[in-house]
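Spelled out from the first residue to the last, the chains are:
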Amino acid sequence: VPETIESIKQAGIRLWVLTGDKTETAVDIARSCRLFTSSTVMAYATQADSSKDAEQKMLEAHSLLDGEGDTGLVLDGQTLLHALSSAECRKLIYELG
């Protein structure tokens, strides 16, 4: 699996992983299969309590990851739920994805 993920990433294909695990477990899984590596610049958008809060967290993530090569965005279910109700957040998710 790690070699396949590496090949897919090198081809410029975006990868998304959706899991019901806790955030820390999901990140550990992403690291173990080399979706995230030691060079991955990571941003977390988690624990949003409204669509406005989700948008702010997504903007912060966008600012952190913009222009970087190997990036990872970690969203939790709560933030994703709020983000999907916002057109701006959906746009940011797509841009970051």
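This text follows the structure it describes.
These numbers come from a predicted model, not from an experiment.

Novice: When you look at the pattern of salt bridges in this model, what are you seeing that I'm missing?
Specialist: Once the charged atoms of two side chains with opposite charge are near each other, the side chains can pair. Per the stated rule, a full pass over the model turns up three salt bridges. Notably, a salt bridge pairs Lys9 with Asp70, separated by 3.4 Å at the nearest N-O pair. Of the two residues, Lys9 sits in helix α1 (residues 2-10) while Asp70 sits in the loop between α3 (51-65) and β2 (71-75), which places them 61 residues apart along the sequence. Between Lys91 and Glu95 there is a salt bridge, and its shortest N-O distance comes to 4.0 Å. You can see Lys91 and its partner Glu95 sitting in helix α5 (residues 87-96), four residues apart, about one turn around the helix. Judged by relative accessible area, Lys91 falls into the partly exposed class, the value being 47%.

Novice: Help me understand the packing of aromatic side chains, please; the structure alone is not making it clear to me.
Specialist: Aromatic ring pairs are reported here in terms of the distance separating the ring centres and the angle at which the planes meet. The final tally for this structure, using the stated rule, is zero aromatic pairs. Note that Arg14 overlies the ring of Tyr94, its terminal NZ or CZ placed 4.6 Å from the centroid.

Novice: Can you walk me through the environment of Leu64 in this structure?
Specialist: Its location among the elements puts Leu64 in helix α3. Looking at Leu64, the relative accessible area reads 44%, which means it is partly exposed. C-alpha of Leu64 to C-alpha of Ala30: the two residues are 34 residues apart in sequence and 19 Å apart in space. Contact partners of Leu64, with chain neighbours within four places excluded, come to Val41, Met42 and Ala43.

Rules used in this analysis
- Residues numbered from 1 in each chain as written.
- Predicted model: local features only at pLDDT ≥ 70, side-chain atom pairs only at ≥ 80, totals over all residues.
- Heavy atoms only, no water.
- Salt bridge = Lys/Arg side-chain N within 4 Å of Asp/Glu carboxyl O.
- Helix = DSSP H or I, 4+ residues; strand = E, 2+ residues; numbered from the N terminus.
- Buried < 20%, exposed > 50% of the residue type's maximum accessible area, 1.4 Å probe, protein only.
- Phe/Tyr/Trp six-rings, centres within 6.5 Å; stacked < 30°, edge-to-face > 60°.
- Lys NZ or Arg CZ within 6 Å of the ring centre and 35° of its normal.
- Contact = heavy atoms within 4.5 Å.

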